[in-house]
There are 2 protein chains.
Amino acid sequence: MNDAPIGVFDSGVGGLTVVRAIMSRLPHESIIYFGDNARGPYGPRPIQEVRDFALEISGFLEDLGVKIIVIACNSATSAGLLEVQRRCRVPVLGVVEPGARGAVQATRNRRIGVIGTVVTIRSRAYLRAIRALDAGATVISRACPTLVDFVERGEVEGPRVEAEVAKYLSPLKKRGVDTLVLGCTHYPLLRGVIGRFMGQEVRLISSDEEVAREVEENLRRRGYLRASDTPPNYRFMCSGDVGQAVSLGRFFLGPEVEEVERVELPLASSGSFPKGHLSEVSCP
Amino acid sequence: MNDAPIGVFDSGVGGLTVVRAIMSRLPHESIIYFGDNARGPYGPRPIQEVRDFALEISGFLEDLGVKIIVIACNSATSAGLLEVQRRCRVPVLGVVEPGARGAVQATRNRRIGVIGTVVTIRSRAYLRAIRALDAGATVISRACPTLVDFVERGEVEGPRVEAEVAKYLSPLKKRGVDTLVLGCTHYPLLRGVIGRFMGQEVRLISSDEEVAREVEENLRRRGYLRASDTPPNYRFMCSGDVGQAVSLGRFFLGPEVEEVERVELPLASSGSFPKGHLSEVSCP
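Quick caveat, the model's predicted, so the values are computed rather than measured.

What about the domain arrangement of chain A?
All names here are of chain A.
Moving on, step 1. The domains assigned to chain A are domain 1 (6-95 + 209-282) and domain 2 (96-206).
Moving on, step 2. One C-alpha centre belongs to domain 1, the other to domain 2; they are set 23 Å apart.
Moving on, step 3. With 23 residues of domain 1 at the contact, the number on the domain 2 side is 25 residues.
Moving on, step 4. A buried area of about 1,700 Å², summed over both sides, lies between domain 1 and domain 2, and 57% of it is on carbon and sulfur atoms.
Moving on, step 5. Joining domain 1 to domain 2, the criterion identifies one salt bridge.
Moving on, step 6. Arg191 is the partner of Glu209 in a salt bridge, and the nearest nitrogen-oxygen pair spans 3.9 Å.
Moving on, step 7. Ranked by the residues each element gives to the side of domain 1 that touches domain 2, the list is headed by helix α10 (residues 207-222), at five residues.

Rendered as structure tokens:
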């Protein structure tokens, strides 16, 4: 049993869809969320910079005493997951592997579609993760650059977004995918439009739910689920505009976002990262 | 719903520990088992040859109408999983990834021990699979060449096997692993001796249980669990000595092994493997 909070971060508010999925699956767990809205979106930035941000935020969350870290951002997962795992003492989960895994388990015809931002699709992180689990799967990917803007404007229904979704998804539908990975933390808010366009027979795999499943398994197997009877604690932090974080936060998550603390960049951290303890020893 | 059987194969009888775990988790599922005891163990054979055997047996099982294939053999998984996945129409699971995953989820200090045959440890398949899930885990591996012989002789308790286990596992214990992967399908029968030597605080990860969990998730998410009310069908086949297969089979699995059919090598197969449908398409 471990009453420490779960740490979650993203380049902005998109990761709150992951928080929502964790809250609904693990209602007794406390959560600290950090949205880097002063520097997000990470998409257009150089990989090394995104990796440094991910390391900085992870160190900050570790110092706050989290028991597990979730990188709830596809760009930061692609750019920095391995380095963050090497440098942190607590386990670190990204969003890509759980989504890939969900898709491989769900598909019947082994034709999997993946949509995401340009950076995520270009990184081929989903392709690699899917192939590692099923080398015979056919993966059809498509970057959907404008969808994040629709979601952030709150336009998640209506003819304009429907037309945009149809434009992006038509080729995937034509190629007969029976499973579609929503490879961006903003997309679960477009589940309705996307689901109607793809049709009932296509399964939508949402990385938020898959990651929440993974967090639960991870904590349960370690014996680290929270035991306390007191209500859990939710703490929301951001690096930029608090007003924007609160209003978008409520849209993404709900009324749980009452107060958002602003944290000055660069983040204070004890800098106590142990030197990467990656090692392999074969005993003679 | 899908009443087709689950196909499982191994180079001999070791994979029956996986069958037992699947039976206990999914008691309504029918199973076809093929033990290649005429050509096993695969360990000392060239990788290409083991891969060809894995392809041959998978094609044979597909022709028998299985809905999923489990390669219940660490050597065959390391040598041929990807190729078999590419060539089969049905999903194919190996034993390595599920075991690695179980270990990554269970460890608290992120120090994971792996034991297996020489081939399995040399292939570094567990190391790769563990690192893909947690790049910061420390993996300490050890080949235990004689343990399979002890198990096949039925010597799974007593001072001789205890001394052998102690010799192999002392270095792993000294290095403070808190989780140990039993990376060979024979080792679950040594769980008692290994567990007593490592101590209560060390979690033993048995690939048989992890694979069974994975098979269940996979069939459930596809909607492919068996629906029929009639008792499931178990069919055991081997390529070599039937007498040996029956007696060892009962030892590994239990009285369910009533009858073993002998199948002549090379296995008849429709040869209808579709050309690898591996492909990736990025939509413009």
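Structure's up, so let's keep going.
Focus: the packing of aromatic side chains
Moving on, step 1. Within this structure, the stated rule accounts for six aromatic pairs over all chains.
Moving on, step 2. Where Phe251(B) meets Phe252(B), the ring centres are 5.8 Å apart and the plane angle is 90 degrees; that geometry is what we call edge-to-face.
Moving on, step 3. Looking at Phe252(B), the relative accessible area reads 0%, which means it is buried.
Moving on, step 4. Against the face of Tyr168(A) rests Lys167(A), its NZ or CZ located 4.7 Å from the ring centre.

Concerning the packing of helix α1 (residues 16-25) of chain B against helix α10 (residues 207-222) of chain B
Residue and element names in this part refer to chain B.
Moving on, step 1. It is the contact of α1 with α10, at a shortest axis distance of 8 Å, that shows an interaxial angle of 45 degrees. Our classification of the angle between α1 and α10 gives oblique. Two packed elements cross with a definite hand, and for α1 against α10 that hand is right-handed. The residues of α10 that touch α1, namely those facing Thr17, Val18, Ala21, Ile22 and Arg25, are Asp208, Glu209, Val211, Ala212, Arg213, Val215 and Glu216.
Moving on, step 2. Across the contact of α1 with α10, the residue classes break down as six nonpolar, one polar and five charged.

Some thoughts on the packing of helix α8 (residues 159-174) of chain A against helix α9 (residues 191-198) of chain A
Residue and element names in this part refer to chain A.
Moving on, step 1. Look at α8 against α9: their axes get within 10 Å of each other, and the N-to-C directions meet at 45 degrees. By the angle between their axes, α8 is oblique relative to α9. You can see that α8 and α9 cross each other, and the crossing is right-handed. Taking contact as the criterion, the partners of Val161, Glu162, Val165, Ala166, Leu169, Ser170 and Lys173 in α8 are, on α9, Val193, Ile194, Arg196, Phe197 and Met198.
Moving on, step 2. Residue composition of the contact of α8 with α9, by class: eight nonpolar, one polar and three charged.

Digging into the interface of chain A and chain B
Moving on, step 1. Taken together, the contacts link 51 residues of chain A with 51 residues of chain B.
Moving on, step 2. Between chain A and chain B the total buried area reaches about 4,400 Å² when both faces are included, carbon and sulfur atoms providing 37% of it.
Moving on, step 3. Run the count over chain A and chain B and you get eight salt bridges.
Moving on, step 4. Its salt-bridge partner being Arg101(B), residue Glu97(A) comes within 3.7 Å of it at the nearest N-O pair.
Moving on, step 5. Inspection of the chain A/chain B interface yields 30 residue pairs in polar contact (both at pLDDT 80 or more).
Moving on, step 6. Looking at the side of chain A that touches chain B, the elements that each hand over two or more residues are α3 (74-87), α4 (96-106), α6 (125-133), β6 (138-143), α8, β8 (203-206), α10 and β11 (279-282) of chain A.
Moving on, step 7. If you tally residues by element for the side of chain A that touches chain B, the top one is α10(A), at seven residues.
Moving on, step 8. Of the residues contributing to the side of chain A that touches chain B, the split by class is 20 nonpolar, 12 polar and 19 charged.

The rules behind each value
Residues numbered from 1 in each chain as written. Chains lettered and ligands numbered in written order. Predicted model: local features only at pLDDT ≥ 70, side-chain atom pairs only at ≥ 80, totals over all residues. Heavy atoms only, no water. Domains from an automatic or database assignment. Contact = heavy atoms within 4.5 Å. Buried area = accessible area lost by both parts, 1.4 Å probe. Salt bridge = Lys/Arg side-chain N within 4 Å of Asp/Glu carboxyl O. Helix = DSSP H or I, 4+ residues; strand = E, 2+ residues; numbered from the N terminus. Phe/Tyr/Trp six-rings, centres within 6.5 Å; stacked < 30°, edge-to-face > 60°. Buried < 20%, exposed > 50% of the residue type's maximum accessible area, 1.4 Å probe, protein only. Lys NZ or Arg CZ within 6 Å of the ring centre and 35° of its normal. Axes fitted to C-alpha atoms, helices over the stretch in contact; angles between N-to-C directions. Parallel < 35°, antiparallel > 145°, perpendicular 65-115°, else oblique. Left-handed = near helix turned anticlockwise from the far one by under 90°. Nonpolar A, V, L, I, M, F, W, Y, C, P; charged D, E, K, R; others polar. Polar contact = N/O pair within 3.5 Å; in protein donor to acceptor, adjacent residues only side chain to side chain.

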